[in-house]
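Next come the chains, spelled out residue by residue.
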Amino acid sequence: MAKLSRSQRRAIPIGQVAQDLGLAAPIGGNLFGRTAMHPGLSEISDPQQRGKVLNRAWRRYGTVNSVALAAIVGGWVTARQAETALPLVGSGRPPLLRAKDVAVAGVVVTGLASATGGVGFAQQAPDGAVPMATGSQPVPETPDRAAAIKRITGCWAD
């Protein structure tokens, strides 16, 4: 049976903590944004001001999401390296490890796609002032491209 080095034993809980914190940030931020901030934006009377506030808030939170994504991937790499040092039961990798790999890849792909969509949406008007009814509902004067991006990236209705 393979033995883990002292640094590998330390890396496992550090990686798990990094992943947990990394997961908490986007889940909490998105939950707040979709359930509180987006509907609350309807209190701003000017549709362009709504879009400006929306894009400014998500741009700021994008930094948190970027750090969180790095923590998720860093924690996964750390854990994966330690797991490869352990003997595996049976032949091949256990299905749960493979499922975790797929889940982390999914988080990375959707996180990057969401960030790209958000940046693209904000660029549809100067200063991110894309006219919006709420955080995810366009108004008739919302540019078609911006409305399409919002439909693709904003899967929750307000």
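Residues numbered from 1 in each chain as written. Predicted model: local features only at pLDDT ≥ 70, side-chain atom pairs only at ≥ 80, totals over all residues. Heavy atoms only, no water.

Chemist: I tried to follow the packing of aromatic side chains on my own but got confused; where do I start?
Modeler: What characterises a pair of aromatic rings is the spacing of the ring centres plus the angle enclosed by the ring planes. Tallying each qualifying case throughout the model produces one aromatic pair. Ring plane angle 80° and centroid distance 6.2 Å describe the contact between W58 and Y61, whose orientation is recorded as edge-to-face. On the criterion of helical spacing, the pair formed by W58 and Y61 is a turn pair, its members being three residues apart in helix α2 (residues 47-85). By relative accessible area, which is 23% here, Y61 ends up partly exposed. When the ring centre of F121 is taken as reference, the NZ or CZ atom of K150 above it lies at 4.7 Å. (Phe/Tyr/Trp six-rings, centres within 6.5 Å; stacked < 30°, edge-to-face > 60°. Helix = DSSP H or I, 4+ residues; strand = E, 2+ residues; numbered from the N terminus. Buried < 20%, exposed > 50% of the residue type's maximum accessible area, 1.4 Å probe, protein only. Lys NZ or Arg CZ within 6 Å of the ring centre and 35° of its normal.)

Chemist: Honestly, the packing of helix α3 (residues 95-122) against helix α4 (residues 144-153) in this entry has me stumped. Any pointers?
Modeler: Closest axis-to-axis distance for the α3/α4 pair is 9 Å, and the angle between their directions is 155°. On the basis of their axis angle, the class for α3 and α4 is roughly antiparallel. In this structure, the crossing between α3 and α4 has a hand that is left-handed. The residues of α4 that touch α3, namely those facing G117, G120 and F121, are A146, I149, K150 and T153. Partitioned by chemical class, the residues of the contact of α3 with α4 number three nonpolar, three polar and one charged. (Axes fitted to C-alpha atoms, helices over the stretch in contact; angles between N-to-C directions. Parallel < 35°, antiparallel > 145°, perpendicular 65-115°, else oblique. Left-handed = near helix turned anticlockwise from the far one by under 90°. Contact = heavy atoms within 4.5 Å. Nonpolar A, V, L, I, M, F, W, Y, C, P; charged D, E, K, R; others polar.)

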